[in-house]
Amino acid sequence: AAAFLVGAMPRREGMERKDLLSANVRIFKEQGQALDKVARKDVKVLVVGNPANTNALICSKYAPSIPKENFTAMTRLDQNRAQSQLAAKLGVPVKDVKNVIIWGNHSSTQFPDASNAVVTIGGVQKSVPEAINDDEFLKTAFVTTVQKRGAAVIAARKMSSA
């Protein structure tokens, strides 16, 4: 059995993730209580609605009969954003960049980490930090661009990517 929880309050222009907490607590508390009441106890729960890590924690708190390890959060959006930034910098297709890590929640405090990332260039795999050869970029512009990408999308579209 699986439950995919994709519904979360979308962020609007000028809002930070913390502004969404009260709405998301209400949503994921109710979902957790419903799962606790009617779901099989071996259900696997995937939370996609952002901030996914926080929402998964809230949901699991209100579903105490379901093992905590059955809850997971997917921050693939941030990983995709980080991979695309690296691919653009390197001039390669996104599919050629692997092993990018996103630490933390889907918010401006996350940390996109390219230290273990690899890229395939001309059929040869090498480390992304070595291929980019610009630690200043990886520590500053790369990190802030990925952290603030959601706000940039909202500024351009007047609504979130959701």
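The rules behind each value
Residues numbered from 1 in each chain as written. Predicted model: local features only at pLDDT ≥ 70, side-chain atom pairs only at ≥ 80, totals over all residues. Heavy atoms only, no water. Helix = DSSP H or I, 4+ residues; strand = E, 2+ residues; numbered from the N terminus. Buried < 20%, exposed > 50% of the residue type's maximum accessible area, 1.4 Å probe, protein only. Contact = heavy atoms within 4.5 Å. Areas by Shrake-Rupley, 256 points an atom, 1.4 Å probe, with all protein chains shown as cover. Lys, Arg positive; Asp, Glu negative; His and termini not counted. Charge placed at Lys NZ, Arg CZ, Asp CG, Glu CD. Pairing = 2+ DSSP bridges. Axes fitted to C-alpha atoms, helices over the stretch in contact; angles between N-to-C directions. Core = buried A, V, L, I, M, F, W, Y, C linked by side-chain atoms within 4.5 Å. Phe/Tyr/Trp six-rings, centres within 6.5 Å; stacked < 30°, edge-to-face > 60°. Lys NZ or Arg CZ within 6 Å of the ring centre and 35° of its normal. Parallel < 35°, antiparallel > 145°, perpendicular 65-115°, else oblique. Left-handed = near helix turned anticlockwise from the far one by under 90°. Nonpolar A, V, L, I, M, F, W, Y, C, P; charged D, E, K, R; others polar.

Colleague: I'd like to hear about the overall build of the protein chain, residue by residue, with values.
Modeller: Scanning the protein chain from N- to C-terminus turns up seven helices and eight strands. Dimensions of the protein chain, computed from the C-alpha atoms along their principal axes, are close to 55 × 35 × 20 Å. The buried share among the 162 residues of the protein chain stands at 39%. A sequence separation of at least 24 residues applies to 61% of the contacts in the protein chain between residues at least 6 apart. With an accessible surface of roughly 9000 Å², the protein chain has 55% of that area assigned to carbon and sulfur atoms. Positive and negative side-chain charges of the protein chain, numbering 23 and 14 respectively, have mean locations separated by a distance of 7 Å.

Colleague: Describe the sheet that holds strand S3 (residues 71-73), naming the residues involved and giving the relevant values.
Modeller: Read from one edge to the other, the open sheet built from three strands follows the order S1-S2-S3, with strand pairing classed as parallel. At either margin of the open sheet sits one strand with a lone partner, and together these are strand S1 (2-5) and S3. Here the average twist between neighbouring strands, direction ignored, is 20°. Looking at chain direction, strand S2 (residues 44-47) and S3 are connected through three bridges and run parallel. Within S3, the residue paired with Val45 across the bridge is Phe71. Set on the sheet, helix H1 (residues 21-38) makes contact with S1 and S2; between it and S1 the angle comes to about 170°. Across the sheet, helix H2 (residues 52-61) lies against S1, S2 and S3, angled at about 165° from S3, the strand it touches most.

Colleague: Can you tell me about the nonpolar core, naming the residues and giving the values?
Modeller: As a rule of thumb, nonpolar side chains are buried together in soluble globular proteins. With 18 residues, the main nonpolar core has Leu86, Val97, Ala114, Val128, Ile132, Leu138 and Phe142 as its most contacted residues. Excluding its chain neighbours within four sequence positions, the residues that come into contact with Ala114 are Leu86, Val128, Pro129, Leu138 and Phe142. Listed in part, the 15 residues of the second largest apolar core include Val43, Ala63, Ile66 and Phe71.

Colleague: Explain the packing of aromatic side chains residue by residue, including any values.
Modeller: Given two aromatic rings, one states the distance between the centres and the angle between the planes to describe the pair. Taken as a whole and judged by the stated rule, the model has one aromatic pair. Plain terms: the ring middles of Phe137 and Phe142 are 6.2 Å apart, the flat faces sit at 40° to each other, and that makes the pair tilted. An identical accessibility class is assigned to Phe137 and Phe142; each is buried. If you follow Lys61 out to its NZ or CZ, it ends over the ring of Tyr62, 5.3 Å from the centre. Across from the ring centre of Phe137, 4.4 Å away, lies the NZ or CZ of Lys89, which sits over that ring.

Colleague: Go over unusual backbone geometry, please, and point to the residues and values.
Modeller: One non-glycine residue with positive phi stands out, namely Asn99, at about 65°. Along the chain, Asn99 turns up in the loop between strand S4 (97-98) and strand S5 (101-103). One non-glycine residue, Asn133, adopts positive backbone phi at about 55°. Tracing the backbone through its elements, the reader meets Asn133 in the loop between helix H4 (128-132) and helix H5 (135-139).

Colleague: If you had to explain the environment of Leu46 to someone new, which residues and values would you point to?
Modeller: Summarising the element assignment, Leu46 is placed in strand S2. Between the alpha carbons of Leu46 and Val143 there is a distance of 26 Å; along the sequence they are 97 residues apart. The residues contacting Leu46, other than those within four sequence positions of it, are Ala3, Phe4, Leu5, Thr72, Ala73 and Met74.

Colleague: Which residues make up the packing of H1 against H2, and what values do they have?
Modeller: Orientation of H1 relative to H2, taken along the N-to-C sense of each, is 45°, at an axis distance of 7 Å. Judged on the interaxial angle alone, H2 and H1 are oblique. Between H1 and H2 lies a crossing whose hand is right-handed. On H2, the residues touching Leu21, Asn24, Val25, Phe28, Lys29, Gln31, Gly32 and Leu35 of H1 are Thr54, Asn55, Ile58 and Cys59. Of the residues in the contact of H1 with H2, the class split is six nonpolar, five polar and one charged.

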